[in-house]
Every structure is written in structure tokens, then in C-alpha cells.
Amino acid sequence: MFSNKEEFKQQYAERMIKMYGRSLESAHITEQYLVLGEMIREYASIHWKKTKDQVAQESAKQLYYFSMEFLIGRLMTNNMMNLGIYEMVRDGLAELNVDLNQLEDLESDAGLGNGGLGRLAACFLDSLASLQLPGNGNCIRYQYGLFKQKIVNGYQVEVPDQWLKIGNIWEVRKPKHAVDVKFFGHVEVRQDANGKLIFNHVDAECVRAVPYDMPIVGHQTDETNTLRLWDAEASENLPAGKDFIKYLQDVNAITRNVYPDDSTEDGRLLRVKQEYFFVSAGLQAIVKQHMRTYGTMDNFHEKIVIQLNDTHPVLCIPELMRILMDEYGYDWDSAWHIVTHTMAYTNHTIMSEALEKWPVRYISRLLPRVWMIIQEIHRRFTLEVQHRFPSDKGMENRVAIIKDDTVHMANLAVVGSFSVNGVAALHTDIIKRDLFGDFVRLWPDKFNNKTNGITHRRWLLYSNPQLRELLDEVIGTEYHRDPSQLEKLMAHVDNTELQERFMAVKKERKAILADLIKKETGIEIDSNSIIDVQAKRLHAYKRQLLNILHVMYLYQRMKEDKSFRITPHTFVFAAKAAPAYVFAKAVIKLINSVAEVVNNDPEIDGMLKVVFIPNYSVSIAEKLMNAADVSEQISTAGKEASGTGNMKFMMNGSVTLGTLDGANVEIDALVGRENDVIFGCTVEEVARLKPTYSSWTLYNSDHRIRKVVDSLNNGTWSKNSDEFKSIYADLMYNNDEYFVLQDFDAYIKAQEEVERRYQDRSAWARMCLVNIAKSGFFSSDRTINQYAEEVWNIKPVQVKG
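Residues numbered from 1 in each chain as written. Predicted model: local features only at pLDDT ≥ 70, side-chain atom pairs only at ≥ 80, totals over all residues. Heavy atoms only, no water.

K.L.:
What is the right way to read the overall build of the protein from this model?
P.N.:
Counting its regular elements, the protein contains 33 helices and 23 strands. Computed over C-alpha atoms, the radius of gyration of the protein comes to 27 Å, within 12% of the 28 Å expected from 2.2 N^0.38 for 801 residues, which places it in the range of a compact globule. Considered along the principal axes of its C-alpha atoms, the protein spans approximately 95 × 75 × 55 Å. Burial status across the protein gives 62% buried among its 801 residues. Excluding contacts between residues fewer than 6 apart, the proportion of contacts in the protein whose partners are at least 24 apart in sequence is 76%. Accessible surface, the protein as shown: approximately 30300 Å² in total, 47% of it carbon and sulfur. Here the protein contributes 94 positively and 108 negatively charged side chains, and the mean placements of these two sets differ by 2 Å. (Helix = DSSP H or I, 4+ residues; strand = E, 2+ residues; numbered from the N terminus. Rg over C-alpha atoms; globule rule 2.2 N^0.38 Å. Buried < 20%, exposed > 50% of the residue type's maximum accessible area, 1.4 Å probe, protein only. Contact = heavy atoms within 4.5 Å. Areas by Shrake-Rupley, 256 points an atom, 1.4 Å probe, with all protein chains shown as cover. Lys, Arg positive; Asp, Glu negative; His and termini not counted. Charge placed at Lys NZ, Arg CZ, Asp CG, Glu CD.)

K.L.:
So what exactly am I meant to see when it comes to a positive patch on the surface here?
P.N.:
Residues K52, K176, K288 and R292 make up a contiguous surface patch of positive charge. Along the chain, R292 turns up in helix α8 (residues 265-294). R292 sits in the exposed class, given a relative accessible area of 52%. (Patch = residues over 30% accessible without salt bridge, like charges linked within 9 Å, V, L, I, M, F, W, Y side chains within 5 Å. Salt bridge = Lys/Arg side-chain N within 4 Å of Asp/Glu carboxyl O.)

K.L.:
When you look at the sheet that holds strand β15 (residues 406-408) in this model, what are you seeing that I'm missing?
P.N.:
Sheet strands associate in pairs through backbone hydrogen bonding, adopting either a parallel or an antiparallel arrangement. Pairing within the open sheet is antiparallel, and its three strands lie in the order β13-β15-β14. Two strands bound the open sheet, and with one partner strand each, they are β13 (357-359) and β14 (402-403). Note that β13 and β15 share three bridges and pair antiparallel. Residue W358 lies in a different strand from β15, and its bridge partner there is V407. On top of the sheet, helix α15 (residues 409-416) reaches β13 and β15; it is set at about 45 degrees to β15, its chief contact. (Pairing = 2+ DSSP bridges. Axes fitted to C-alpha atoms, helices over the stretch in contact; angles between N-to-C directions.)

K.L.:
Sorry, what's going on with the nonpolar core here?
P.N.:
The nonpolar side chains of a soluble globular protein tend to be buried with one another. Of all hydrophobic cores here, the largest spans 273 residues; its most connected members are Y12 and F277. In terms of residues, this core owes the most to one element, α8, which gives eleven residues. Beyond its immediate sequence surroundings of up to four residues, F277 is in contact with I140, V181, F183, V207, R208, A209, W230, D231, A232, I254 and T255. (Core = buried A, V, L, I, M, F, W, Y, C linked by side-chain atoms within 4.5 Å.)

K.L.:
Would you mind showing me how to read helix α33 (residues 780-792) here?
P.N.:
For the α-helix, the turn length of 3.6 residues means that residues three or four positions removed from each other point alike. Compared with the 18 Å implied by 1.5 Å per residue over 13 residues, the 15 Å span of α33 between its first and last C-alpha is markedly short. When α33 is considered as a whole, its buried residues turn out to be S780, D781, T783, I784, Y787, A788, V791 and W792. Taken around the axis of α33, the buried residues stretch over an arc of 160 degrees, which confines them to a single face. Counted as exposed and oriented over 90 degrees from the buried face of α33: E789 and E790. Two to three positions downstream of the cap, the backbone nitrogen of D781 sits 3.0 Å from a side-chain oxygen, assigning the N-cap of α33 to S779. A positive phi of about 55 degrees marks N793, the residue just after α33. (Expected span 1.5 Å × (residues − 1). Arc of directions from axis to C-beta. Polar contact = N/O pair within 3.5 Å; in protein donor to acceptor, adjacent residues only side chain to side chain.)

K.L.:
What is the right way to look at the packing of aromatic side chains in this model?
P.N.:
One pair of aromatic rings is described through two measures. These are the centre distance and the angle between the planes. Here the structure, examined in full by the defined rule, presents 26 aromatic pairs. When the ring of F66 is compared with that of F278, the centres are 6.0 Å apart and the planes differ by 35 degrees; the resulting orientation is tilted. Linking F66 in strand β1 (residues 62-66) with F278 in helix α8, this pair joins segments that are 212 residues apart in sequence. A single burial state applies to F66 and to F278, both of which are buried. With centroids separated by 5.2 Å and ring planes inclined at 45 degrees, the aromatic side chains of F679 and Y747 adopt a geometry described as tilted. Of this pair, F679 sits in the loop between β23 (677-678) and α27 (683-689) while Y747 is found in helix α31 (residues 744-758), placing the two residues 68 residues apart along the sequence. In this structure Y747 comes out as buried when scored by relative accessible area, which is 0%. (Phe/Tyr/Trp six-rings, centres within 6.5 Å; stacked < 30°, edge-to-face > 60°.)

K.L.:
When you look at the pairing of strand β12 (residues 343-346) in this model, what are you seeing that I'm missing?
P.N.:
Two faces belong to every sheet, and in a regular strand the side chains alternate between them. Here β12 shows no split at all, with M343 and Y345 on one side and A344 and T346 on the other all buried. Two elements, strand β11 (residues 304-309) and β12, share four bridges in a ladder whose sense is parallel. Of the residues in β12, the one forming a bridge with L308 is Y345. Taken together, the three bridges between β12 and strand β16 (residues 419-422) define a ladder with parallel strand orientation. Each bridged residue has a counterpart across the sheet, and for T346 the counterpart in β16 is N421.

K.L.:
Looking at this model, I keep getting lost on the sheet that holds strand β21 (residues 630-633). Mind explaining?
P.N.:
Read across the sheet, six strands follow the order β20-β19-β18-β21-β22-β23 without closing on themselves; strand pairing throughout is parallel. Across the chains shown, the open sheet's two edge strands, defined by having one partner strand only, are β20 (608-612) and β23. Inspection of the sheet shows strand β22 (residues 655-658) paired to β23 by two bridges, in the parallel sense. Residue pairing across strands places G658 opposite I678, the latter belonging to β23. The strands touched by helix α21 (residues 496-521) within the sheet are β18 (530-535), β19 (569-574) and β20, with β20 carrying the most contacts at an inclination of about 65 degrees.

K.L.:
Looking at this model, I keep getting lost on the pairing of β22. Mind explaining?
P.N.:
Side-chain alternation along β22 places V655 and L657 on one buried face and T656 and G658 on a second face that is also buried. Pairing geometry for β21 and β22, over four bridges, is parallel. Looking at β22, one finds that Q633 is bridged to G658. As a crossover connection, the stretch from β21 through helix α25 (residues 645-651) into β22 is right-handed. Crossover β22 to β23 through helix α26 (residues 664-671) is right-handed. (Right-handed = clockwise from strand over helix to strand, strands pointing away.)

K.L.:
Where do I start with the packing of helix α7 (residues 244-254) against α8 in this structure?
P.N.:
Each pair of packed helices gets described by two things: the angle between the helix axes and the distance between those axes. One can describe the packing of α7 onto α8 by two numbers: an axis separation of 9 Å at closest approach and a directional angle of 70 degrees. With respect to their mutual orientation, α7 and α8 come out roughly perpendicular. On the side of α7, the interface is formed by D250, A253 and I254, while α8 contributes L270, K273, Q274 and F277. Classifying every residue of the contact of α7 with α8 gives four nonpolar, one polar and two charged. (Parallel < 35°, antiparallel > 145°, perpendicular 65-115°, else oblique. Nonpolar A, V, L, I, M, F, W, Y, C, P; charged D, E, K, R; others polar.)

Here's what the structure looks like:
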């Protein structure tokens, strides 16, 4: 392992010869990148080994975080920064005439997810390692990411996200830990000599699960945890008569890409298959490791805790029951005690369509033994409900795991877990009151809140060096390790010199964003304009539609009234729509169509620009979030569980324009209404208005709404007047489910308030600085410490250097 720049240079040159038989001068840039990646991984591997040894030596309890997504972004810069070798490597490469920035740009964002769920999981892994807590991730090694988004004639076009095209420099294949996962077949039941039932899953279609391990490097610590990704390969254990070619195709499909299209029967079945694949493989590996260490499963729940990130990994509950009973001979009650003291569940949504429910025919056919166990969990739970609430005849059905020939995964998660948490104070209140209200009657102490958090290392220290340098000078560097120390900035927010310097930093970041926008879209923006950003997965409840309708209103008003002008304003959108989500894709087309009209109108030039940045990713977010003046967090109240983008914008000094939804409620409480702009219906108002709500009433009573909505059909934004009829229908014939029109007037006024406040640059800078000072509350370090102390009961491991 190199310890100084000269050793690094020597080893880098030698490694190039050994790996590729080339000198540095003749090496291709991809070879330079791969050699560097291998050297960094090996540097981290020394700490990796020490961490594993120390965990074993201390017999430490470990967390395993099961998630279908880990949006870890690019790791080269992050890992070198965390290891403390960035400057050494950068300077050494420069002396070898190798540009580190060019190598960093070669790295693809890991295609391991879709949205906030995966970004949260990635932040948690970073915090676990940095806090020296023994916590590891478990996921699928997807061959392709969700998709690479291109915009062609304003439409979203999906092409494969080939994130592995030059390999994943961080992964280590571990074939010795491969396991078989069983699908289909049937279960034979017999009695042994003592009368005990023995279950044997026969004629199964086996898939070989092979782990690829990635080191998760802690910041300025020797702690290095593991993200384990499972790949699917052919198994030698095939039932007789199986079509081999069809089998290979089916195996390949399991890890082909995240979230197969669930608009088809085959796609939905494949999703269940994916979920069981990584659940079963992960559990089998954890159990084998535990048995090697302790020789018994009796203390499994004392040494292992498994956090289920949403409902995707909930099959962990029946699968661990299967392993305990069928492979280790535990009776039901003993196995259930272990399982229900091992599993903890995080709920991320109250929306019924996002709460997974799988047809019984899927589970019973695909996972026959697991299906039997789910049935028995359901039967025993039903008896408990009947016993404890004999007078409430409807409760049994309301909390049922199996009903209407469907398995309700969220209910199974609550029944089988010792902890159930929401991800923001408001969200937790809603799930306790509404979604899981009956379960709270059963187990009131099971429910708790753990507000989401973000890693300040990636989202401030590394992605915004200009702001970091300013903060270091003003409040010192303690916040690098303890983000709560950002609060020290409150003592300086009224300093006019600091305000000016902050605005200069923001201007520099806005110029960097302007260059990115020019490169990605060809659109030139005014970096002195108000940069207003909405960057998140495109969904009706997130209300990108409300945002663009407001832009349409501004344009129409400026065209009608030549005296009406606004402060130069750039509205930036970045979002992917699920390939089968017709409405969301229509909104993307609308945004781009509005941009085409507005950006090419000479009357409006200089006042209003609209930009849609394609292929939103972690890497784009790292440049987008620290340049924004305004953070759009405008979901319908009660629909967004928490959000983490709102926290990243806040940490970089953006002002929140939002509804009282998700973590916005806590942002508002922390910074005060004078330091954000809040609008729209509250959760209570939505509930009160919903029964009598009529979008037609608003359409007929507000000429601004009528004019904007009519423009969807009259050719203003497209030569094809039918182009946006689906959006029109959603607003008018589906009665505007997410209150876009209800909140339209309040949103216009909120935007006017933003513009009014922006005129006083000193006051605006103060608002931004207050947001930064209060953002330490949303550090994932804080969230992870809460989990560790209140849920997981895991302690830091002191890895010796």
C-alpha cells in the first residue's frame, strides 16, 4: 500500500505494466481509470479486512440493510476523500500527465435504483461506516440501471443504462459464498420418527446467486463495511425436462434491470422473483456466516438485525422462518420469536398503489413453501386479533395479511417486525393514525419515527467545495465530523460581508450549472437569474404539473400585458418517468413543449427560461442542488413520506418553496416561516375539501386557471391539439386528484413572495445561511445514530489502524 505520492506514482506505473503490458504514455484512458480504481479498492481492502476481523473479535451485533435500491452514485472521488488520499493521488497523477478529473468522469453512476429510496439507502451506508457502526447493505447487481433517459422531440425515450460497460472497479466477486435460490416446484410433506412434519421443496427451479462485494469506506476512519450485490447465474440443479434455453433467459431476466415493467403479468411476476432472489440469497449467506461464528441460531436475533427498506424485502420474514424450521429444525414458536426480534420495517408511503400487494397465485406458484408459511402466519395472526378484539368484527379483515386472493406485504411487514418506522414526523403521524391505525391498537410501542437524513460528506463537503471553504473559514472544520456544528453559522448570518461572500459562492455554482445545462441541452441560461429547481421522480402527486402550469400562466400574462414583467427567472426540471406511466411522460413532453415556445420568444427573452435536464442522476444532482436559489417541494400535502432532495437543497443554501408535506414540515419548524415560503392546503384541509372538491368549479371561477387549462388543447404548446388531452382529462375528468388547481392561486402568490424576497439580496442571503445552519438536523449521521440506539442496538466497532 502506498503511503506517499512518490510510492503511488511508482506503483501506478508498475501496475499499468502488470495489468495491460503498457507504459503510462501508451495506455488508454480506460486502462488508466481501471488501474487507479483497483489501487484505491486495494487500499480500502486493508481496512475492510480489519473491520471484519474486529467485528468477529468483539462478537459485535451487526445490521443488514435490505433494499432493492442503493443509488450510491460515483465512488472514486468519495472513496479517495474518505480515505484521505485525494490530494496525494491527484497531484501524483498530474506529475504523470494524467488528469484525475477525466478519470473521474469515466465512472458511471451505479445503476442500482430509481429515486429517493435508493439515495436514502446510500446515505445510510456512508453514515454507518463513518460512525464506525457495523452495518452492511444487501441488494441486486443489476446488469442495467433503470434506463438512460433521452429527450427526442420533447419526448422521453428510454435506452439501456449500461453502467457496467467498462466494469465496476469497486466490486469483488465471491463465488465461494454462492447459494442456490429455489423457485416453482412443489412441497412434499412427511413425518419423521418423532411425528414432526418435514417439508421438502422438490422439482424446484434453482438459480445460483453469486455475491459481488463492494467496500463502503468511512470518512476519516478505518471502518469499511460491505454492500453485497447478488447476481443470478445458472445452477446445475435443474429439474428433469426443463427447457434449458428458456431457463437461461429466465435466469438472466432476474438481474437484468431494476423494477421490471409492472403493467404486464410477466413483469409483476418477475418483480416477485427479484425480491425473493435477493432476500433468500442474502439471508442464506448471513445465516451461514452466523453459524460459522456461533454454531447456533439461538442467538441470531441478538447478533443480527435486518432493516427492511420498504416492502420490497418483506419476504425476509417467511424466508427466515423457512430457514429456521426446515434447515435448522426449530419449532414454529421458537422460530417466530427469532424472526420477530430480528426484523425491523421502514414504511415509505401511504399511497395504496405503492403498498405492494401480490396475487396469491404468484406466491403459491413461484414460492410454494414460503406461501405455506405466509398462510400460517396469517392464520395465527387472525386468531390473535379475534382473541384480543372480539367485539370489533371488522378489524380481522382490515389488518389481514391475506384477503381478496392477495398477499398484503405491508401488513406482513408490520406483523413480522419488532419496529415499524415512518420517515418524517408528519408521515409517521399519518401511518399511526390512518394506514396502520389498527396495528397501533395491537402494538402501540412498535411504531416510531426516524426522519430521513442525507450524508453531508457527499452533498456538501465533496460536491460543493466553494461553500465548504467558506464555512471552514467562518465556523471551523468540526462540522466535517459532526454536522450539528453547522448551527454555529447562526452567529454569523447577519454579517453583511459573509452574506456577500455566500452570494458569490452561489453565483459560482450557478455558473457551473449553466455550463452543464448548455452541454446537456444546448440552452443558454442567465446565471444571474433566479434558479428555481424541481428535481425528483416524476409522479402526479409530486406536482411537476403545478410548476409548469405556473410557467404557462407567467408566459400568457407577459404576452397579454406588456407592463407585467418578472425578475429574470430560470425554471429547471429534472425527472424520470416510469416507462409505462403515460401521464408522467405526457408531463415531460409538456415541459419541453413549453420550453420550446418560451425560450424562442424574443419578447420574453431575458426574463423567463425553461430547462429540462435529461437523465437525472446522482452526478447531475451534485451540480444541480448546490446551484439552486429555490427548492421546489410542492407535493400534495400528505402524499410525500419525507423527501431527501429538500434536505440537500437546504444544506447548500436554497430556500424551500413548498407545501406542509413530508420533511418540509420539519424544515419549516427549524428555519421559521420567515426563512422559507410555504403555501397550499394542509393534510387536514385536503381531507376536509376532498368529498366536495370540483375542479370544474375552479375552472369556471378563475380565468387564469381556465386560460392555462384551455391552452392544453388549443395548440398553444403543440401543433397537435390532442397532444396533452391526457393531462387535461386528469385535471378535469378525473377531478384533479392531487389538488393542482386547488393550490394554483396559492402557488402563484408563493412565487410572487419568492420574487419579492429575492429583491433584497442581503435578506435573501441571510435566509440561505439560516437554512444551511439548520440543515445539520437532517444529517443521516443523526438518523443512523437514532436507529442504532433506539431500534438496532448496535455499537461502534473500534477498528485498529
